[in-house]
Amino acid sequence: MKRTIVLGALLVIGGLSAVMAQQQSRPPLADPVRVKDNLYVIMSSTPGPEFTGGNTGVFVTDTGVIVVDTKLAGYGPTILERIRKVTDKPVTMIINTHTHGDHTGSNDAFPASVDIVAHENTKANMAKMDAFKGDKAQFLPKRTYKDKMSIGSGKNQVDLYYFGAGHTDGDSWVVYPSLRVLQTGDMFAWRDAPFIDRNNGGSGVELPKTVAKAIAGIRNIDTVIPGHSPIATPKDLQEYQRFLADLVATVQSAVAAGKSVDEAAASIDLTGKYPGYKNERTKAAITALYAELKN
Ligand SMILES: [Zn+2]
């Protein structure tokens, strides 16, 4: 009896240490999921113990592969290995939707010949990161744009749009026009309150307006790849825009009513109005909005 208990305890401890070892090693990446034709996504997860970074677009053109966002540092070899499962073509271009390390972290794993493209503000933000100092500066964007940039043509075309500040001040909206697919980066990361990165020029007040401009300005889309969550639809993006507008209006009312951040956070929960949404990041968003509104 005693022996069984000891063995059982050893098994439990063994199981626990296996789990802990797993958490310390990098979680694996899933195989690419085909979105349509020559476009795939290496899906990611929302930040947590299994976090690998943002969703990575893999667009197989006639001349090479365009990779949109490179996840956290250290994932480059695995991203390349996963791409090999769908094509033998070389990676010729990286597009970074914005500066964050979970979208730019593995730029340095790709050959120096790879073209790197981002919005001009994102290049400026990336240049401030330790990860792109010194020798690593070669993995900064080589080409930038201000309002719109088209790359390639026909079924190889990718359009980059900038509609203004939100998550940061340099977020690109990536459109694959022949496939009617939009990749949003973290302008639409998940069904929860947004991360507003004020240190990189983000603006919670502008965010719903910028998303509205993107919805109005990007036509002929039927599929949306969010920054950190499963493939969605234009309707989902429209709903997210309404959620953002409601969140900002609610926080503005709380500021006007003289509520503290804690009081506002205790009273604001939009998940009843938006089924399927989470309420995990609301307080952080409220805190950022308060700082912005009281400036
Ligand atoms: Zn981000």
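Residues numbered from 1 in each chain as written. Predicted model: local features only at pLDDT ≥ 70, side-chain atom pairs only at ≥ 80, totals over all residues. Heavy atoms only, no water.

**Some thoughts on the sheet that holds strand β10 (residues 173-176)**
Alright, step 1. If you walk across this open sheet you meet the 5 strands as β8-β9-β10-β11-β12, and the pairing is mixed. In this open sheet, the two strands that pair with only one neighbour each are β8 (148-151) and β12 (223-226). In this sheet, adjacent strand axes meet at a mean angle of 20° when their direction is disregarded.
Alright, step 2. Pairing of strand β9 (residues 158-161) with β10, which is carried by 3 bridges, proceeds in the antiparallel orientation. In the sheet register, Asp-159 faces β10, and the bridge partner there is Val-175. (Pairing = 2+ DSSP bridges. Helix = DSSP H or I, 4+ residues; strand = E, 2+ residues; numbered from the N terminus. Axes fitted to C-alpha atoms, helices over the stretch in contact; angles between N-to-C directions.)

**Describing the coordination of the zinc ion**
Alright, step 1. For the zinc ion, the full set of protein donor atoms is His-98 (NE2), His-100 (ND1), His-167 (NE2) and Asp-186 (OD), and the range of their distances to it is 2.2 to 2.3 Å.
Alright, step 2. Given 4 donor atoms and angles of 86 to 173° at the metal, the environment of the zinc ion is assigned as irregular.
Alright, step 3. On the primary sequence, the residues serving as donors to the zinc ion are separated as H-x1-H-x66-H-x18-D.
Alright, step 4. Since its relative accessible area comes to 11%, His-100 is described here as buried. (Donors = N, O, S within 2.8 Å, 3.2 Å for Na, K, Ca; no water. Tetrahedral: all angles 85-135°; square planar, octahedral: opposite > 155°, others 65-115°. Buried < 20%, exposed > 50% of the residue type's maximum accessible area, 1.4 Å probe, protein only.)

**Remarks on the sheet that holds strand β3 (residues 56-60)**
Alright, step 1. If you walk across this open sheet you meet the 7 strands as β1-β2-β3-β4-β5-β6-β7, and the pairing is mixed. The sheet is open, and its two borders are formed by β1 (33-36) and β7 (143-145), each paired with just one other strand. Here the average twist between neighbouring strands, direction ignored, is 25°.
Alright, step 2. Across 3 bridges, the pairing between strand β6 (residues 115-119) and β7 is parallel. Note that in β7 the partner of His-119 across the bridge is Tyr-145.

**Regarding the nonpolar core**
Nonpolar side chains tend toward joint burial in soluble globular proteins.
Alright, step 1. Ranked by internal contacts, the top residues of the largest apolar core, which has 35 residues, are Trp-173, Leu-182, Ile-218 and Leu-247.
Alright, step 2. Taken together, the elements giving at least two residues each to this core come down to β10, α5 (207-217), α6 (234-256) and α8 (282-293).
Alright, step 3. A total of 8 residues in this core trace back to one element, the largest contributor, which is α6.
Alright, step 4. With near-sequence residues (within four places) excluded, Leu-182 lies in contact with Trp-173, Val-174, Val-175, Ile-218, Ile-221, Thr-223, Val-224, Ile-225 and Leu-237.
Alright, step 5. Leu-39, Val-68, Ile-95 and Ile-151 belong to the second-largest nonpolar core, a separate cluster that totals 21 residues. (Core = buried A, V, L, I, M, F, W, Y, C linked by side-chain atoms within 4.5 Å. Contact = heavy atoms within 4.5 Å.)

**Digging into the packing of α6 against α8**
Alright, step 1. Viewed as axis vectors pointing N to C, α6 and α8 meet at an angle of 60°, and their least axial separation amounts to 10 Å. Taken together, the axes of α6 and α8 lie oblique to each other. The two elements α6 and α8 meet at a crossing, and its hand is right-handed. Facing Leu-247, Val-248, Val-251, Gln-252, Ala-254 and Val-255 of α6, the residues of α8 in contact are Thr-282, Ala-285, Ile-286, Leu-289, Tyr-290 and Leu-293. (Parallel < 35°, antiparallel > 145°, perpendicular 65-115°, else oblique. Left-handed = near helix turned anticlockwise from the far one by under 90°.)

**Quick word on the pairing of strand β5 (residues 91-95)**
The side chains of a regular strand alternate between both faces of the sheet.
Alright, step 1. Among the 5 residues that make up β5, 4 are buried, leaving the element largely enclosed by the rest of the structure.
Alright, step 2. One ladder, built from 4 bridges, connects strand β4 (residues 65-68) with β5; its direction is parallel. The partner of Val-67 across the bridge, within β5, is Ile-94.
Alright, step 3. You can see the chain leave β4, run along helix α2 (residues 76-83) and come back into β5, and the turn it takes is right-handed.
Alright, step 4. Here 3 bridges tie β5 to β6, and the two strands are oriented parallel to one another. (Right-handed = clockwise from strand over helix to strand, strands pointing away.)

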